[in-house]
Structure formats: C-alpha cells, structure tokens
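One-letter residues, chain by chain:
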Amino acid sequence: MSVLVVGLSHKSAPLATLERAVVSGDALGKLLRDVFHAENVAGTFVISTCNRAEVYADVDKFHGGVAAICELLARHSGIPPAELNRHLYVHYEDRAVQHLLAVACGLDSMVVGESQILGQLRQALHAAREQGTVGRALAELGAHALRAGKRAHAETGIDRAGASLVSVGLALAAGRLAAAAEGPGTAEGPGTAEGPGTAEGPGTAEGPGTADAGSLAAVGVLVVGAGSMSSLAVATAARMGAAGIVVANRSHSRAQRVAATVSASSADLSRLPAEIAAADLVVSCTGAPGLVITAECVRNAMDARAPGRPLVLLDLALPRDVEAGVGALPGVSVIGLEDLRKAAPAGLPAAAARDEQVAAAWQIVAEEFAAHVSADRAARVAPTVVALRAKAAEVVDAEIARLAGRLDGMDARSLGEIAQSMRRVADKLLHAPTVRVKELAGSPGADSYETALRVLFDLDPDAVQAVVRAHAGLVPWPGGEAGR
C-alpha cells in the first residue's frame, strides 16, 4: 500500500471554489465512508479547513485511487469534475509524506507558521477513527506528522515567523477601525477590501492613517461561535486589549464556557442583531453550513447605532458566515479570507528573520521525512524477519520431536535442556543477519537485502505475506472494531 493525497488549497483554488469543496459534520463522515469503500483504498482521513480540503488515502493502485477520490470529491462538493480538476493537486508516496509533514509544521498554511493546523489534523484523525476508516499506516503517519509539527513549533521561531490567521485578521480589523476614526479611507468611504484602507493601501496595520492598529483598546468585540477558532479569537482579542468581549452561540452554555476564559460576557444567538448594534468589531467563525449574519440583520443593527459609527466584520468561516451584500452597507466594512490571503505577509518579522525560521522548520521536515523512510523500510523488512524466525522455530520443534521419538526413556528435564540449547543456537545464528538486515533497511538498495534473505533461507512467499496481512488491519480503538 502507498500513501496518496488528492486535494485543493488556498494555493491552488480561489476562495469561492474552496468554500464549495469544504466538508464537515455528517458530510465529512459520508465522504470518509465513501472513500474508504472505494476500490483500491484501504484507509483514509480528510483534512477540511478554511485553507484546504485534502483526502489522504492508503491505496494499492495510483491511477485507480486518484480516479475514485477525484470522482467522490466532485460528487460531494457539487462541483463539476471539469471545473474541480483544474484546482486539484496529487501527491504520491514520498511526496505525499513530505506534504503532510509540511502541512503539520504550518509551512503550507495561508499564514506560514500558524499552529491551528495541528488541532485540525488531530481532529481529522479523530473523525476518521470514529468512522473506522483510518488504517494502521495512515494512523502512524498522522501521529508522526503531529510530532513533527510540535517539534517545529518547539525548536524554531516559526510561530513568530507567521501569526495565526486570527491574529492577522484582528490586526487588519484594528487598522480598519483606526483608519475609520481618522477620516478618509474609512469603512464609510472607499476603505473596503477593494480600495484604500486595505492591507495594500493607506489605513493598514503598517501604513499611515492608523491610530493604534495593533491594539483593540476602546473597541467592543463580538465573537460569533464557540469552537476552537472562536476561542482563539476571544483570547487574541483580550490580549490586544479589547474594551469588551461578548461571545454569542446557539448553545449558550458553550458561549459561557468560552467567555469565562477571559472574563467576557456571553449571549444567545437570538440576540445577534442587538449585540451587533453594540459592537465595533464582529468576528464570526461558526462552521455553520449556511449564512449566519445576513444583510438585513446588519442593516437593522446599523439603524440602532449612533450615526457615523463604523462597524467592521471579520468573517473567518468557510463556508462564509456573512452575506456577500453586507460590505455594501454604509459604514460597514467586511474582511474575509480573501483579504487575509492578501494581508498575510503584513506585520510579520523582517524577511531575513522570517526566512531563517522557515528554513529551520523545513530542516525538521527533512529530518522527520528521513526518519519516516527509515522506519517504513524497517517495517517492510519485519515480515521477512518474522517469517525467518518462524521457520527456524518450526525446524527446531521438528528436530526436538524427532529426537524425543528416538531417545526412548529420556526424562523430560533432560529433553527440555536439549530443546533450550537448540533454540539458543538457532537464535544466535539468526541474530546477526536479522539485525543487519534491519540496519540496512534504511539504506539504498534495501529491497535487495530483503530479497537475499528470502532466497538464502528459502522462505515461503505466502508465509511472508501472511505476516504482512496480519499487520495490515485497521488500528483498533477503544470501543470500536479493528476494521475490515
């Protein structure tokens, strides 16, 4: 079996396409099961975030696996195959492993170095475990990628080389509000995602026209949603000095839990218009399948505000939470993921320092990839070693049985001593070649060493394959089945 990745990301597809391709909840479970039951697939997990929608699969045939996954992605997203395929990328075997390691280290994110991807990868593996679709090989690879990501964040400055998507978004929002308070290029005039007041013109976190673009002092923040990204938004807004924070969610108890982490307030989602009317900045990241903040809702909220008071909405959700027409309302500015894609490099450390930390993270990817290759080759040799030791044990047992038949009257203790000596001799004779073949497994030409071992000891290929099959089942999880 070999690892295959088929997917699209912020690098390969426009936001509108990525938005349609993202899957979550019941739809994610259905996709996992459909991919798992596809021909040529033995295991799978799916990473589906605002940055990417990627299917990882353990396949026995490259072309068959690619065709099946592409067809299922098109079917589940509703995007015609001819349109979707233009944005898909495919990685296979070693390249697929390297890609996952880079993703886990934050090197393939919209904001390089962001650490949220570790939680998203962990959730992806958990979802696959719940559906019973992740095989042993993919589970081990996923765990390895998580370790690599943690190592990158612990041993390098990749966290400082890039800020989280939430931090970049809040900094951009602070710049919009500061620019609005100072006059031209505000959220009431041009100053939208297309004109001045963006990350590419005046009124940015880096440019003129800001009062204190890195601060949310005197800013009332409403966070809509209570998931992991919402929790990060609440913590970051508090760290940036927000004057007040309110968390709104359909489940009021969850809103209360998130709010309690920074002594913020909570509200039920039914009070959304009133809470928007009271806020200066609204951050929405619910993960809901439909719109959460409509143009009518915001229009009513603006009617209840003091005239001329600007409102900025930061939409971090995919699919989006905020209706497209909201940004056209007077006094309202909307920042979406497309704006963050353009703004991501702003406000980060100097290029030289950033490049140094990114290079250090790539070095970790290279080291972890080498470790994976070595472990994988050793694992491939293991069935041959097990089969060899099993054959030796059979030979010893046969000889002991033959000896017991010929030495009539020998007491059991003496026969046991002879048997133990024979087993020790066999173990010592096999020790050097089996240890050496494992050591050589990580070097070039490893397959030839394994082949030589099979030929020299005349191992039955069926016996080796029996060991392989015994280790190829799905990973057993508490309360679940081992798999098919």
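That block above? That's the structure.
How each quantity is defined
Along each chain, residue indices are assigned from 1 in the same order as the chain's sequence is written. Only residues with pLDDT of at least 70 are given local features in this predicted model, and only at 80 or more are side-chain atom pairs given and counted; all residues enter the totals for whole chains, interfaces and linings. The side-chain values count all of the structure's non-hydrogen atoms but skip hydrogen atoms and water molecules. Ring pairs are drawn from Phe, Tyr and Trp, using the six-membered ring of Trp, whenever the two centres fall within 6.5 Å, and their geometry is named by plane angle: stacked under 30 degrees, edge-to-face over 60, tilted for the rest. Going along the chain from the N terminus, every DSSP run of H or I of four or more residues is numbered as a helix, and every run of E of two or more is numbered as a strand. Between buried and exposed lies partly exposed: a residue is buried under 20% and exposed over 50% of the maximum accessible area for its type, with that area taken using a 1.4 Å probe on protein chains only. Two strands pair if DSSP finds at least two bridges between them. All axes are obtained by fitting lines to C-alpha atoms, using only the stretch in contact for helices, and the reported angles, taken between N-to-C directions, cover 0 to 180 degrees.

Chemist: Hey, could you go over the packing of aromatic side chains for me, with residue numbers and the actual values?
Modeler: Within the structure shown, the criterion is met by two aromatic pairs. Consider the rings of F45 and Y56, whose centres lie 4.8 Å apart with planes at 5°: the pair is stacked. Placement of the pair is F45 in strand β2 (residues 41–48) and Y56 in strand β3 (residues 52–59), with a sequence separation of 11 residues. Each member of the pair, F45 as well as Y56, is classed as buried.

Chemist: How would you explain the pairing of strand β7 (residues 265–268) if you had to name every residue and give the values?
Modeler: With four bridges connecting them, strand β6 (residues 244–249) and β7 associate as parallel partners. Paired with V246 across the strands is S265, a residue of β7.

Chemist: For unusual backbone geometry, give the residues involved together with the corresponding values.
Modeler: Keep in mind that most residues, glycine aside, have a negative phi and that most peptide bonds are trans. Along the chain, L318 connects to P319 via a cis peptide bond; the corresponding omega equals 5°. One can find P319 in the loop between β9 (311–315) and β10 (332–335). Even without a glycine there, the phi angle at S263 is positive, about 55°. Residue placement: S263 occurs in the loop between α11 (252–260) and β7.

Chemist: Before we move on, could you go through the sheet that holds β3 and cite the residues and values that matter?
Modeler: Reading across the sheet, the four strands line up as β2-β3-β1-β4 and stay open at both edges, with antiparallel pairing between neighbours. With one partner strand each, in any of the chains shown, β2 and β4 (89–92) form the two edges of the open sheet. Neighbour-to-neighbour, the strand axes of this sheet turn through a mean angle of 15°, independent of strand direction. Note: strand β1 (residues 2–9) against β3, eight bridges, orientation antiparallel. Its bridge partner lying in β3, V3 is registered against D58.

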